[in-house]
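Listed here are the chains, written in short residue letters.
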Amino acid sequence: MIATGIGLHNFAEGLAIGDSAAQGELSLALLLIVGFGLHNAPEGFGIIAPLAAEGERPSWPTLLRLGLIGGAPTFLGTLIGQHLVNDTLSIAFLGLAAGSILYVVIELPAVARRTGLKTLTTWCLLLGFATDAVVTAAGA
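Residues numbered from 1 in each chain as written. Predicted model: local features only at pLDDT ≥ 70, side-chain atom pairs only at ≥ 80, totals over all residues. Heavy atoms only, no water.

Caption draft 1: Here's a closer look at helix 1 (residues 2-22). Here helix 1 is 21 residues long and its end C-alpha atoms lie 30 Å apart, about the 30 Å a rise of 1.5 Å per residue gives. Across the 21 residues of helix 1, 15 count as buried, placing the element largely inside the fold. Within two residues after helix 1, Gly24 carries a phi angle of roughly 80°, on the positive side. (Helix = DSSP H or I, 4+ residues; strand = E, 2+ residues; numbered from the N terminus. Expected span 1.5 Å × (residues − 1). Buried < 20%, exposed > 50% of the residue type's maximum accessible area, 1.4 Å probe, protein only.)

Caption draft 2: Expanded view of helix 2 (residues 26-40). The end-to-end C-alpha distance of helix 2 is 20 Å, a good match for the 21 Å that 15 residues give at a rise of 1.5 Å each. If you check which residues of helix 2 are buried, you get Ala29, Leu32, Gly35, Phe36, His39 and Asn40. Projected down its long axis, helix 2 shows its buried positions confined to an angular sector of 135°, all on one face. Opposite the buried face of helix 2, at more than 90 degrees from it, the exposed residues are Leu26, Ser27, Leu30 and Leu38. (Arc of directions from axis to C-beta.)

Caption draft 3: Region of interest: the confidence of the model for the protein chain. Residues at a pLDDT of 70 or more form 92% of the protein chain, whose mean pLDDT is 80. Put simply, helix 5 (residues 87-115) is where the protein chain has its lowest mean pLDDT, 73, and helix 4 (residues 60-83) is where it has its highest, 90. (pLDDT = per-residue confidence, 0-100.)

Caption draft 4: Representation of the packing of helix 1 against helix 3 (residues 43-53). Interaxial distance between helix 1 and helix 3 falls to 9 Å at its minimum, and their mutual angle equals 160°. Comparing their axes, helix 3 and helix 1 come out roughly antiparallel. Note that helix 1 runs across helix 3; the crossing there is right-handed. Between helix 1 and helix 3, the contacting residues are Ile2, Ala3, Ile6, His9 and Asn10 on the first element and Glu43, Gly46, Ile47 and Pro50 on the second. Here the contact of helix 1 with helix 3 is built from residues that sort into 5 nonpolar, 3 polar and 1 charged. (Axes fitted to C-alpha atoms, helices over the stretch in contact; angles between N-to-C directions. Parallel < 35°, antiparallel > 145°, perpendicular 65-115°, else oblique. Left-handed = near helix turned anticlockwise from the far one by under 90°. Contact = heavy atoms within 4.5 Å. Nonpolar A, V, L, I, M, F, W, Y, C, P; charged D, E, K, R; others polar.)

Caption draft 5: Quick peek at the nonpolar core. The biggest cluster of nonpolar side chains holds 6 residues, and these are Ile2, Ala3, Ile6, Ile47, Leu51 and Leu66. Counting only elements with at least two residues in this core, the list comes to helix 1 and helix 3. For this core, the element with the highest residue contribution is helix 1, accounting for 3 residues. Beyond its immediate stretch of four places on either side in the chain, Leu51 contacts Glu56, Pro58 and Leu66. (Core = buried A, V, L, I, M, F, W, Y, C linked by side-chain atoms within 4.5 Å.)

Below, the structure written as structure tokens:
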């Protein structure tokens, strides 16, 4: 469920990248790619943390599948966003992205408490907020 929520969130990020490229804002599209790449790197921890909390060690095929569920929608959203520019659709997907990432952010502290990894979780959340601040400060 967490990988799916992150995937939906990442789909909206892909739409933003594709929309920027379609409107000729290539520097903004590149900035979004870098910013979202930095922002999305710690999301993998959010996907596997519940498995680790249960003491389950996922196999490599499971990790690959979860990575594709969480990450591939960014690429798909970029392709769609570049060809379909629609403000109403963008607002709907950004709302979906906000709700799905809120679920992930709410779930992380609970997992951190169960595993005793509060410090690591805190640093990862701060890294996510910091990368978002950089992207926002750059005008995205």
